[in-house]
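A look at the structure
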Amino acid sequence: GPVLKFNDVKFHYDPDREILKGISFEVPAGKTIAVVGPSGAGKSTISRLIYRFYDVIEGSVEIDGQDVRDVTQKSLRAAVGMVPQDTVLFNDTIEYNIRYGRPDATDAEVREAARLAQISDFIDGLPDGFNTQVGERGLKLSGGEKQRVAIARTILKSPPILILDEATSALDTQTEREIQTALDAVAQDRTTLVIAHRLSTVINADEIIVLRDGRIAERGDHEGLLAQE
Ligand code: ADP
Ligand code: ADP
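The following refers to the structure shown. (Residues numbered from 1 in each chain as written. Chains lettered and ligands numbered in written order. Predicted model: local features only at pLDDT ≥ 70, side-chain atom pairs only at ≥ 80, totals over all residues. Heavy atoms only, no water.)

Let us now look at the site of ligand 2. For ligand 2, the full set of nearby residues is Arg48, Tyr51, Phe53, Arg77, Met82, Pro84, Val88, Tyr100 and Arg153. The contact in question runs from an oxygen atom of ligand 2 to an N or O atom on the side chain of Arg77, over 2.9 Å. Across the complex, the protein chains shield 66% of the 550 Å² of accessible surface that ligand 2 would expose by itself. (Near = heavy atom within 4 Å. Polar contact = N/O pair within 3.5 Å; in protein donor to acceptor, adjacent residues only side chain to side chain. Areas by Shrake-Rupley, 256 points an atom, 1.4 Å probe, with all protein chains shown as cover.)

Here is the structure:
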């Protein structure tokens with residue numbers, strides 16, 4: 001599998017305020033690395049740099065030794081799957097939204113992804129805001145339900161590199177626990193970067209990186225970091 005690497009990455013949105021002040025880490029092939037830290041530490045920014053919503057100011061992000069700036073958008077999208085914090089759905093059926101990224105998927109595969117993400121009940125519905133003629137198919141989805149649609153899409157796409165950016169943060173505890181099991185299955189043997197607020201949600205990570213004020217403040221395994229708290 002591919003390796004994901006950050007080489008002394010510096011980044012700012014606004015030149016007056018550095019967000020990442022030289023971040024280096026590596027997600028070895030098939031491993032899961034978690035980045036945790038307080039709100040505003042720059043965690044989501046890391047995922048945006050991988051997907052090239054923004055480019056690094058200094059340093060580089062590499063996938064399999066190749067700078068992401070030298071990879072086509074198409075192959076980047078094929079290699080990396082992301083469950084973002086805030087999911088924006090396409091104005092089409094939930095099924096279309098799940099299939100997006102893998103239009104060739106069979107109906108059975110789509111149904112299985114929907115089952116794992118617990119959205120089987122509204123797979124034929126349409127997200128709210130879509131044209132009023134749809135009548136009773138129109139859905140008002142909560143943040144957590146949208147999150148589950150993004151999770152189903154990612155389960156179906158099953159990308160070589162997985163980024164979970166607070167993927168279960170919008171879910172209630174019971175749903176979170178159940179969906180975490182589905183996500184763990186997708187992450188199994190895949191190169192995975194997990195972004196989380198709390199240490200307690202990343203017990204299974206091979207390494208945990210604590211980001212604070214744009215720098216790596218600590219790194220270690222779950223037990224080691226807990227011991228320092
Ligand atoms: P985290 O995910 O750790 O909460 P983010 O990476 O989302 O942190 O944000 C890090 C900092 O960058 C925050 O202070 C945030 O306000 C700021 N920030 C995020 N996105 C933008 C943007 N598009 N423009 C300007 N500042 C931003
Ligand atoms: P794709 O074409 O592979 O779906 P997109 O660029 O549409 O790629 O988005 C990939 C995922 O990232 C989507 O789930 C989308 O909601 C999310 N996303 C899109 N733009 C941003 C952004 N600026 N910041 C964070 N997440 C985003």
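Okay, back to it.
Neither face of strand 6 (residues 80–83) is left uncovered, since the one carrying Val80 and Met82 and the one carrying Gly81 and Val83 both have all their residues buried. Pairing analysis gives four bridges linking strand 6 to strand 7 (residues 161–165), with the strands arranged parallel. Residue Gly81 lies in a different strand from strand 7, and its bridge partner there is Leu162. (Buried < 20%, exposed > 50% of the residue type's maximum accessible area, 1.4 Å probe, protein only. Helix = DSSP H or I, 4+ residues; strand = E, 2+ residues; numbered from the N terminus. Pairing = 2+ DSSP bridges.)

Judged by nonpolar contacts, the single largest core of 39 residues is most densely connected at Ile94, Ile98, Ile119, Val149, Val202 and Ile208. Listed by contribution, the elements that provide at least two residues to this core are strand 3 (32–36), helix 3 (94–99), helix 4 (107–116), helix 5 (143–157), strand 7, helix 6 (173–187), strand 8 (191–196) and strand 9 (207–212). Considering each element in turn, this core owes the most residues, six residues, to helix 5. Apart from the residues lying within four places of it in its own chain, the contact partners of Ile94 are Leu89, Ile119, Phe122, Ile123, Gly125, Pro127, Leu139, Leu141 and Val149. (Core = buried A, V, L, I, M, F, W, Y, C linked by side-chain atoms within 4.5 Å. Contact = heavy atoms within 4.5 Å.)

A few words now on the environment of Phe11. Looking at where Phe11 falls in the secondary structure, it is placed in strand 1 (residues 4–14). The exposure class assigned to Phe11 is buried, which follows from its relative accessible area of 3%. The sequence separation of Phe11 and Thr168 amounts to 157 residues, and the corresponding C-alpha distance is 26 Å. Apart from the residues within four sequence positions on either side, Phe11 is in contact with Glu18, Ile19, Leu20, Thr45, Leu49, Tyr54, Asp55, Val56 and Ile57.

The geometry of an aromatic ring pair is captured by two quantities: the separation of the ring centres and the angle between the planes. Counting across every chain of the model gives eight aromatic pairs. Arranged with centres 4.8 Å apart and planes meeting at 90°, the rings of Phe11 and Tyr13 form a pair that is edge-to-face. Aromatic side chains Phe90 and Tyr100 sit 4.4 Å apart centroid to centroid with 40° between the ring planes, which places their arrangement in the tilted category. Linking Phe90 in the loop between strand 6 and helix 3 with Tyr100 in the loop between helix 3 and helix 4, this pair joins segments that are ten residues apart in sequence. Residue classification places Phe90 among the partly exposed residues on the basis of a relative accessible area of 32%. These aromatic residues form a ring-pair network of at least three members: Phe11, Tyr13 and Tyr54. (Phe/Tyr/Trp six-rings, centres within 6.5 Å; stacked < 30°, edge-to-face > 60°.)

The strand order 2-1-4-5 describes an open sheet built from four strands, whose pairing is antiparallel. Each end of this open sheet is capped by a strand with a single partner; those strands are strand 2 (17–27) and strand 5 (66–67). Here strand 4 (residues 58–63) runs beside strand 5; their pairing, made up of two bridges, is antiparallel. Each bridged residue has a counterpart across the sheet, and for Glu62 the counterpart in strand 5 is Asp67. Packing of helix 1 (residues 43–50) onto the sheet brings it into contact with strand 1, strand 2 and strand 4, and relative to strand 1 it is tilted by some 110°. (Axes fitted to C-alpha atoms, helices over the stretch in contact; angles between N-to-C directions.)

Next up on the list: the pattern of salt bridges. Per the counting criterion, the structure on display carries eleven salt bridges. The salt bridge involving Glu58 is made with Lys10; its shortest N-O contact spans 3.8 Å. Taken together, the positions of Glu58 in strand 4 and Lys10 in strand 1 put the pair 48 residues apart, joining distant regions of the chain. Classification of Lys10 as partly exposed rests on a relative accessible area of 24%. Arg102 serves as the salt-bridge partner of Asp104, at 3.5 Å between the closest nitrogen and oxygen. Of the residues examined, Asp104 reaches a relative accessible area of 57% and is grouped as exposed. Through salt bridges with shared partners, a single ionic network connects Glu95, Arg99 and Asp107. (Salt bridge = Lys/Arg side-chain N within 4 Å of Asp/Glu carboxyl O.)

Here we take up the site of ligand 1. With respect to spatial proximity, 13 residues lie near ligand 1, and among them Arg17, Gly40, Lys43, Ser44 and Thr45 are the closest. Within the contact set of ligand 1, an oxygen atom lies 2.7 Å away from a side-chain nitrogen or oxygen of Arg17. Note that an oxygen atom of ligand 1 is positioned 3.1 Å from one of the backbone N or O atoms of Ala41. Within the complex, 66% of the 560 Å² of free accessible area of ligand 1 lies under protein. For the shell around ligand 1, the secondary structure elements donating two or more residues are strand 2 and helix 1. Here the element with the most residues in the shell around ligand 1 is helix 1; it accounts for four residues. Partitioned by chemical class, the residues of the shell around ligand 1 number five nonpolar, five polar and three charged. (Nonpolar A, V, L, I, M, F, W, Y, C, P; charged D, E, K, R; others polar.)

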